[in-house]
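Listed here are the chains, written in short residue letters.
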Amino acid sequence: MAASAEAAGQPTPAPSPRPRAPLSVVVLALLATMFAAWAAQAVILPILLAMFFAMIGNPFLRGLRRLYVPRFVGALLVVVGGLAATGLLAWQLAGPLYGWIGQAPKELRALAPRLEQMTRPMRSASEAAESFARAADGTRGARRVQVVQIQRDDAWQRLAATPRIAASVLAVVLLTFFFMVYGERLGRHAIALLPDRQRKKLTVEIMASIEREISRYILTITLINAALGMAFAAALHGLGVPAAEAAMWGTLVALLNFAPYVGPFIGAFLTLMLGFVSFDTLGASLLPTAIYLGLHALEGQLITPVVLGRRMALSPLVLILALAVFGFLFGIVGLLLAVPLLVCVKMALVRVDGMERWARLLE
């Protein structure tokens, strides 16, 4: 039809515009996708974690390839080295963690009289307001009904959950290894499905650039958080906290820093509890929280922006929304993965022609 029009000297008609779905259909599709992700989180979470760990290990894997180490051997070395480092850290922190868990309830009970004395004026005002309200309602003599719920601690449920946890950990380890070894080949085979050579070349460049920059970003953030945790542990040790316990708190701070806004809020609360448990005076009790907030402000306002630059900057509102969605869908793991996934989306939008405005929307 187009050939006959050209032969007759008539202009070729423009292709009809692609139909767009109504907004209601888009919203329903988005809600259906979120529900499917929530329902399939037992399958999705190991894959996302494996991709996250593979991106952390890819810079080391590229370094080993420059030393002519085969990809299979390099991936094995990276995975085994990561497992050994994680196991050594867990073994070093298990003792202080169990000691803290056993000691904290007793210390908090001893802390209760001090907190009660501090909150006595507010409690007296509350009781006075409650008495006034009861007198106004004419229910002075009414007794408050207390509902006691008894929850049975079922050891069988904990025992039955152990194989599932072990299977999930094993799945993450195996998927991380296979992503490192065969992820590049899978990407090449997927690109081979594209119709023309120019599009294949452009897609290869985009994927290689995104993978390289995202790996560098995740590795950089991991190193910055590790440095933050070590600095906080050193500060705690300088205040008199034992080295093993200080290392435990430094590790916790480093992990919480992967979740912006939410992590520092939880960290501030936990360090405040640490201060009240570990020290006697009010000023000394507030020191761990003050040090933590100071280190976090230095990291968030100076170190991370200087190291990563504006290209990795994300809008605080978009970041909060992503944390809320991923936290609702996947819990703690979703909070840790929300920022890397959002950065992946932004880097993909920056590299694709015509999507730069959507990338600026995330800044």
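Note: the structure precedes this text.
Residues numbered from 1 in each chain as written. Predicted model: local features only at pLDDT ≥ 70, side-chain atom pairs only at ≥ 80, totals over all residues. Heavy atoms only, no water.

S.K.: Which residues make up the packing of aromatic side chains, and what are the values?
M.R.: All chains considered together, the criterion is met by 8 aromatic pairs. Summarising the aromatic geometry, the rings of Phe 35 and Trp 38 are spaced 5.9 Å apart at their centres and angled 40° between planes, so their arrangement reads as tilted. Of this pair, Phe 35 and Trp 38 are both found in helix H2 (residues 23–39), 3 residues apart, which corresponds to roughly one turn of the helix. Their ring planes at 20° and their centres at 5.9 Å tell us that Phe 178 and Tyr 182 sit as a pair that is stacked. A residue pair is termed a helical-turn pair when its members lie 3 or 4 positions apart in one helix, as Phe 178 and Tyr 182 do in helix H6 (residues 155–191) at 4 residues. (Phe/Tyr/Trp six-rings, centres within 6.5 Å; stacked < 30°, edge-to-face > 60°. Helix = DSSP H or I, 4+ residues; strand = E, 2+ residues; numbered from the N terminus.)

S.K.: Give a description of helix H7 (residues 197–238) that names residues and reports values.
M.R.: With 42 residues, H7 extends 61 Å between its outermost C-alpha atoms, agreeing within 8% with the 62 Å of an ideal straight helix rising 1.5 Å per residue. Positive phi shows up at Gly 240, right after H7, with a value of about 110°. (Expected span 1.5 Å × (residues − 1).)

S.K.: Which residues make up the packing of H7 against helix H8 (residues 243–256), and what values go with them?
M.R.: Interaxial distance between H7 and H8 falls to 7 Å at its minimum, and their mutual angle equals 150°. Remark: the crossing between H7 and H8 carries right-handed chirality. Side by side, H7 and H8 meet where Asn 225, Ala 226, Leu 228, Gly 229, Phe 232, Ala 233, Leu 236 and His 237 of the first sit next to Ala 243, Ala 246, Ala 247, Trp 249, Gly 250, Val 253 and Ala 254 of the second. For the contact of H7 with H8, a count of residues per class yields 11 nonpolar, 4 polar and no charged. (Axes fitted to C-alpha atoms, helices over the stretch in contact; angles between N-to-C directions. Left-handed = near helix turned anticlockwise from the far one by under 90°. Contact = heavy atoms within 4.5 Å. Nonpolar A, V, L, I, M, F, W, Y, C, P; charged D, E, K, R; others polar.)

S.K.: Can you lay out the side chain of Thr 304 for me, pointing to particular residues and giving the numbers?
M.R.: Examined against the element boundaries, Thr 304 turns out to sit in helix H10 (residues 282–308). Of the polar contacts made by the side chain of Thr 304, one reaches the side chain of Glu 299; its length is 2.6 Å. (Polar contact = N/O pair within 3.5 Å; in protein donor to acceptor, adjacent residues only side chain to side chain.)

From the geometry alone we can't say anything about function, so treat these as descriptive.
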